[in-house]
Amino acid sequence: MHTYSLSLLLLALPAAAVEIEQRVDALLQRMTLGEKLGQMSQSNALRGGISPEVKAEIRKGRWGSFLNAGSFEDRAEAQRIALKESRLGIPLIFGRDVIHGYRTVFPIPLGQSASWDPELVAQAARIAARETAAMGIQWTFAPMLDIARDPRWGRIAESLGEDPYLASLLGAAMVRGFQGASLDAPDSIAACAKHYVGYGAAEGGRDYNTTWIPEAELRNVYLRSFQAARAAGVATFMSAFNNLNGIPTSGNVFTLRQVLRKEWGFDGFVVSDWNSVTQMIAHGYAGDAAEAAFKALRAGVDMEMNSTSYYDQLKSEVEAGKVDLKLIDEAVRNILRVKMRLGLFDKPVPTAPDNAAMFTAEGREVAKRLATESTVLLKNENRTLPLSKSIGKVAVIGPLADSPVDQMGCWVRDADPSEVRTPLAALKETLGAARVVYAPGLKVSRDVSRAGFAAALEAARAADAVLLFLGEEQSLSGEAHSRAFLDLPGAQEALVEEVARAGKPMVAVILAGRPLTFQKVTERAGAVLFAWHPGSMGGPALADLLFGDAVPSGKLTASFPRTVGQTPVYYNHMSTGRPPVPSDLGIKMGMPKDPAQDTAKYIDVDYTPEYPFGFGLSYTTFEYSNLRLSSPTAPMGGTLTVSAEVANSGAVEAEEIVQLYTRQLAASVTRPVRELKGYRRVRIKPGQKQTVEFTLRTADLAFYNERGQLVTEPGAFQVWVAPNSARGLRGEFRVTE
Ligand code: NOJ
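Residues numbered from 1 in each chain as written. Predicted model: local features only at pLDDT ≥ 70, side-chain atom pairs only at ≥ 80, totals over all residues. Heavy atoms only, no water.

## Things to note about the sheet that holds strand β20 (residues 654–664)
The pairing of strands in a sheet comes from backbone hydrogen bonds and takes either a parallel or an antiparallel form.
Step number 1: One open sheet accounts for 5 strands, arranged β18-β26-β25-β20-β21; its pairing is mixed. Pairing within the sheet leaves two strands with one partner each, and these edge strands are β18 (633–635) and β21 (675–684). In this sheet, adjacent strand axes meet at a mean angle of 25° when their direction is disregarded.
Step number 2: Here 9 bridges tie β20 to β21, and the two strands are oriented antiparallel to one another. Note on β21: the bridge partner recorded for Gln659 is Tyr679. (Pairing = 2+ DSSP bridges. Helix = DSSP H or I, 4+ residues; strand = E, 2+ residues; numbered from the N terminus. Axes fitted to C-alpha atoms, helices over the stretch in contact; angles between N-to-C directions.)

## Concerning the confidence of the model for the chain
Note that predicted coordinates carrying low pLDDT should not be read in detail.
Step number 1: Per-residue confidence for the chain gives a mean pLDDT of 96; residues scoring 70 or more make up 98%.
Step number 2: Contacts of residues 1–10 to residues separated by more than four positions or lying in other chains number 0 contacts, the stretch itself having pLDDT below 50. (pLDDT = per-residue confidence, 0-100. Contact = heavy atoms within 4.5 Å.)

## Some words on the site of the ligand
Step number 1: All residues in the neighbourhood of the ligand are listed as Leu67, Asn68, Asp97, Phe141, Arg155, Lys194, His195, Met238, Phe241, Asp273, Met305 and Glu479.
Step number 2: The contact in question runs from an oxygen atom of the ligand to an N or O atom on the side chain of Asp97, over 2.5 Å.
Step number 3: Interatomic distance of 2.6 Å between a side-chain N/O atom of Arg155 and an oxygen atom of the ligand.
Step number 4: Calculation on the ligand without its partners gives an accessible area of 300 Å², and the protein chains cover 94% of this total.
Step number 5: Along the lines of polarity and charge, the residues of the shell around the ligand split into 5 nonpolar, 2 polar and 5 charged. (Near = heavy atom within 4 Å. Polar contact = N/O pair within 3.5 Å; in protein donor to acceptor, adjacent residues only side chain to side chain. Areas by Shrake-Rupley, 256 points an atom, 1.4 Å probe, with all protein chains shown as cover. Nonpolar A, V, L, I, M, F, W, Y, C, P; charged D, E, K, R; others polar.)

## A word on the pattern of salt bridges
Pairing between side chains of opposite charge can happen when their charged atoms approach one another.
Step number 1: On inspection of all chains with the given rule, the structure shows 51 salt bridges.
Step number 2: Put simply, Arg126 and Asp187 hold a salt bridge, and the shortest N to O gap is 3.3 Å. Here Asp187 lies in the loop between α7 (164–179) and β5 (192–196) and Arg126 lies in helix α6 (residues 118–133), a separation of 61 residues in the sequence.
Step number 3: With its nearest N and O atoms 4.0 Å apart, the salt bridge here joins Arg578 to Asp598. Pair noted here: Arg578 is in the loop between α21 (538–546) and β17 (622–629) and Asp598 is in the loop between α21 and β17, with a separation of 20 residues, a long-range link. No difference in accessibility class separates Arg578 from Asp598, as the two residues are exposed. (Salt bridge = Lys/Arg side-chain N within 4 Å of Asp/Glu carboxyl O. Buried < 20%, exposed > 50% of the residue type's maximum accessible area, 1.4 Å probe, protein only.)

## Details of the side chain of Glu162
Step number 1: Looking at the secondary structure, you find Glu162 in the loop between β4 (139–140) and α7.
Step number 2: No salt bridge is formed by the buried Glu162. Its closest oppositely charged neighbour is Arg149, at 6.6 Å.
Step number 3: In terms of polar contacts, Glu162 uses its side chain to reach the backbone amide nitrogen of Tyr571, at 3.0 Å. (Lys, Arg positive; Asp, Glu negative; His and termini not counted.)

Right, dumping it as structure tokens:
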């Protein structure tokens, strides 16, 4: 009986795929060129409601998709018209930017990545998918998989950090979360791997700027997270805005046709980014809209977002014999295939939004856990944290203590700020309102007025401890919001200086969309927590951490520079021929030193980051010892076991993210000084220790060589089991032929 039903299942899978192909082909046969180009067009026109003109266009098959569109009712009506009143009844697909939550807001993706917790990240995406699907939307423009090494770039907030291995794991988890077990389930939505590719390498950290990435670097660093999303079954890709090595990514035959389609076998569809097809004119890659449309189509962009060059230009180009109809048929096939996989042809149009799916207790719980796990403890002198609940009064100071909109982060369109739980509200709940003295000192992060300083100092004097909620407003990060300075904006540092005069223990909690530089605050405060923009449940998560109901376990996924002049600073860099020496460490910031050695350093700031990738403290301490390798050599194709003991030497039960790094000392192309190869989250009781074991396959050491081949080369390696990318126990091994 079992065997029988299993074989049926196996037969059924390819049959479903075959049926989809047959349905797509049959439909394609019946489509006019205008209808085909309509499918390849995505419009923003429902934003202000659904006009009679747009209704007529949908009836005519003018649009295949709408983005960030209208109300639930508008979408339902548009879909009804497409299915019932257009000639061929082809459904629309509605896309929306659901980047870190729909109504329940999760931490910004960079924050989520600091949890190193794919399971939890997948759960958050699942909840976002449910809320999104309940509103008649079937497609999100997430995850953003751009590797980000530059905190000036505003979109680092949307990234999963600087490491390709971790971004691959977490990005694939998001894809699984959004798409669920089956794309056509009522609570699944299609994910979109964006921005393909290299967008995060913008020169100077300035959004939309040019990128230069040699092919080996592209494959070893920037393509990996996209390939992982492809392997996880992502339904769509988005081509990016950037010019990559002289060819804009929305017209890039190499990345879109060679890599994505040929090498990875992707059969979903590619949507351009907003106007990125016609922006190839400004890039200097196309002379006019017709050329831009042709070049995007040739490269394999199936659907054009917002600009209308496909619809306006390609008909006459095909008729004039300048564009091959086969290219258009292929694009339409890709789009229809995804629409069928989503079940859009067969599902009834929902008649009312499912409000029960919104802001559920389960969603709030996941949002709180993710905000807790994302928060990174950067400093904790003399056990300033956790605070005791029997403390008398606390002063709550700073522009981000009670700012729901800022706390939500940069990509939120559908949440209700009144549902957001701020730190101030949560602290009042934990301690009782009478023990919380609130004096923000500054109205917003950019405020330069000292008008509120006196009240803040008075609050600090009246309290037993000062909690400072500092950082940057949500509007200072995200798309087109790059910064050339990474300091705390406004008069925040001056506020901290003023409040410090009260002489009370101070804790700084920083809420921001990117790594910032805030040394003066760190010097003044006994403890520093970095909480990113933590979303709807940031307040309760932080209250738990501050008072010891939760223990910090987050680890940074982007290096924090000491000063903006060091950027880009990232852990997996190459060595140089003159690597810095220990005497180059400790060069004071801003103080030029007459260099004793000609090494790759700065003469006015230590060359290392302020906080390295992988760094994060706990309320306990962990000691690493006893590194063991199963063998000093690994034959090519074999494996090696690497283990170490990790002991909890403090007084609190806590979780540690134990990291495995390797370095190949010499290869046919130079390899990074360290690369993350694995990690384990372990929970250890005080006084106890655990052996943490990793299996390293020689295939895990592979990289793309100069000829674009994935190879493992024999030779000498270093290996670390480490609490972060700058420390750890080091061993050696060789890979033999
Ligand atoms: C432009 C952004 O780059 C992209 O990430 C987003 O999905 C689209 N606009 C649609 O809003």
